[in-house]
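Summary of the model geometry
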Amino acid sequence: MTGVSRYVGGVLARRLVADPSVERVIGVDVIPPPRDLGGAEFIRADIRNPMIGKVIAQGDVDTVVHANVIATPTFAGGRTPQKEINVIGTMQLLAACQKAATVKRLVVKSTAAVYGSTPRDPAMFTEEMSAKRLPSSGFGKDSIEVEGYVRGFARRRPDTDILMLRFANIIGPRIRTSITDYFNLPVIPIPLGYDARLQFFHEDDAIAALVRGVTGSATGVVNLAGDGVLTALQAAAIVRRPFVMVPMAAAGPIGSLGKKFGLLDFSPDQMSFMAYGRGMDTTAMRESFGFNPSFSTRAAFEDYARTVTPVVPSFDAVSGVLGGVVGAAQQVLGRPTRGKH
């Protein structure tokens, strides 16, 4: 298992150790896990290094769980190491799997971000569909590359069962992601004129789905999301946060502002998601994968919202964020238009 030092990976390792069908769990990450892995063996290793091949070979590994595609640059130390871990790390891991004859199953934790977010999107993406416009940066772009490498590995190792799980935004009271940071802002920026449809997947359901993926026999690609949708404005109301409507053109400056003040790490692609949203069809999740989540999209978000301080933020905090947002918007809107008139 890769990524055991982060929340989902660590809990998943403990669940697998407790599963009687699993004989042994070997967790790999670049830093020691902050929580006990419940009997799983931990090896400090970087999947970008070819030594990961030795870990797989010496451990006589038959199942590889790749849960180390990092969504947020700050969690990796910046965008450059994030991309290296996500893309180069996946390449090295798959190369090691290809050489190991013992490997018979690969489970990859992927993301709905591979579908992108545009005004031309279908109401619901099925697993066979692709993005109308490919994500231009960040986690979504990395995840598309990761899935491409996994498909290449499938051609080279047709004897290996491969399962890719595309998760909607995972949310809950214990996990921290860019989306939880976003809805924890003192003032939530929402693209002007939009009210995106959002899907969420509870952290407990995510771990249960991964356990099923590891111990079961399902293969292929599966979308995972809670029932129903929330709009961005409904979500802001649930966390009891004020919001400000901002022009889409200001997404870049606002993202830079958030990074500057350490409030969040939000890319322009993620702001597009907050404008256009995304919907995934989950028929395969129920019928072929055989999984029914315990939490709907709304219930998952409400469980997360319990951890958000319900008090109205201070005047200074609101004024500071509003001032920055308005200034960023004015900066964009005040630029002279180039080209023909």
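Residues numbered from 1 in each chain as written. Predicted model: local features only at pLDDT ≥ 70, side-chain atom pairs only at ≥ 80, totals over all residues. Heavy atoms only, no water.

1. Focus on a nonpolar patch on the surface
Keep this limit in mind: What goes into a patch is any residue over 30% in relative accessible area without a salt bridge, connected to like charges within 9 Å or, for nonpolar side chains (Val, Leu, Ile, Met, Phe, Trp, Tyr), within 5 Å. Working definition of accessibility: Shrake-Rupley area with a 1.4 Å probe, residue cover restricted to the visible protein chains. Basic side-chain nitrogens of Lys or Arg form a salt bridge, by our definition, when they fall within 4 Å of a carboxyl oxygen of Asp or Glu. The helix count covers DSSP runs of H or I at least four residues long, the strand count covers runs of E at least two residues long, and both are numbered beginning at the N terminus. Burial classes follow relative accessibility: with a 1.4 Å probe on protein chains only, a residue under 20% of its type's maximum area counts as buried, one over 50% as exposed, and anything between as partly exposed.
A contiguous nonpolar patch, built from Ile 88, Met 91 and Tyr 149 and spanning about 240 Å² of accessible area, is present on the exposed surface. Mapped onto the elements of the fold, Ile 88 is located in helix H3 (residues 79–99). Residue class for Ile 88 comes out partly exposed when judged on its relative accessible area of 38%.

2. With respect to the side chain of Arg 166
Applied cut-off: Counting of polar contacts relies on pairs of N or O atoms within 3.5 Å, with two restrictions inside protein: one atom must be capable of donating a hydrogen and the other of accepting it, and residues adjacent in sequence are counted only when both atoms are side-chain atoms.
Looking at the secondary structure, you find Arg 166 in strand S5 (residues 161–167). For Arg 166, a relative accessible area of 6% translates into the label buried. Within polar-contact distance, the side chain of Arg 166 engages the backbone oxygen of Glu 127 at 3.4 Å. A polar side-chain atom of Arg 166 sits 2.6 Å from a polar atom in the side chain of Glu 147.

3. Here's the deal with the environment of Ala 13
Condition: In this analysis, two residues are considered to be in contact whenever any of their non-hydrogen atoms come within 4.5 Å of each other.
Within the secondary structure, Ala 13 sits in helix H1 (residues 7–18). Among the residues examined, Ala 13 registers a relative accessible area of 0% and is labelled buried. Separated by 11 residues in sequence, Ala 13 and Thr 2 place their C-alpha atoms 9.8 Å apart. The residues contacting Ala 13, other than those within four sequence positions of it, are Met 1, Val 4, Val 25, Leu 37 and Ala 40.

4. Topic: the sheet that holds strand S3 (residues 63–66)
To keep things clear, this is the line we draw: Here a strand pair is declared whenever DSSP counts at least two bridges between the two strands. Working convention: axes come from line fits to C-alpha atoms, limited for helices to the stretch in contact. Angles between N-to-C directions cover 0 to 180 degrees.
Pairing is parallel in the open sheet, where 4 strands are placed in the order S3-S4-S5-S10. Every interior strand has two partners, whereas the edge strands, S3 and strand S10 (220–224), have only one. Direction aside, neighbouring strands of the sheet carry axes that sit 15° apart on average. Of the strand pairs in this sheet, strand S4 (residues 105–111) and S5 are connected by 7 bridges, and their pairing is parallel. Pairing of Leu 106 across the sheet is with Ile 162, part of S5.

5. So, helix H4 (residues 138–156)
As a reminder, the rule being used: Between the first and last residue of a helix there are one fewer steps than residues, each counted as 1.5 Å, and that sum is the expected span.
Spanning 19 residues, H4 covers 28 Å between terminal C-alpha atoms, matching the ideal 27 Å at 1.5 Å per step. By the burial criterion, the buried members of H4 are Gly 138, Phe 139, Gly 140, Asp 142, Ser 143, Val 146, Glu 147, Val 150, Gly 152 and Phe 153.

6. Here we look at the environment of Ala 209
For Ala 209, the position within the fold is in helix H6 (residues 203–215). Classification of Ala 209 by relative accessible area gives buried; the value is 0%. The spatial distance from the C-alpha of Ala 209 to the C-alpha of Phe 289 is 9.1 Å, given a sequence separation of 80 residues. Ignoring any residue separated from it by four or fewer positions in sequence, one finds Ala 209 in contact with Leu 165, Phe 167, Phe 201, Leu 224, Phe 289 and Phe 291.

These figures capture arrangement, not role.
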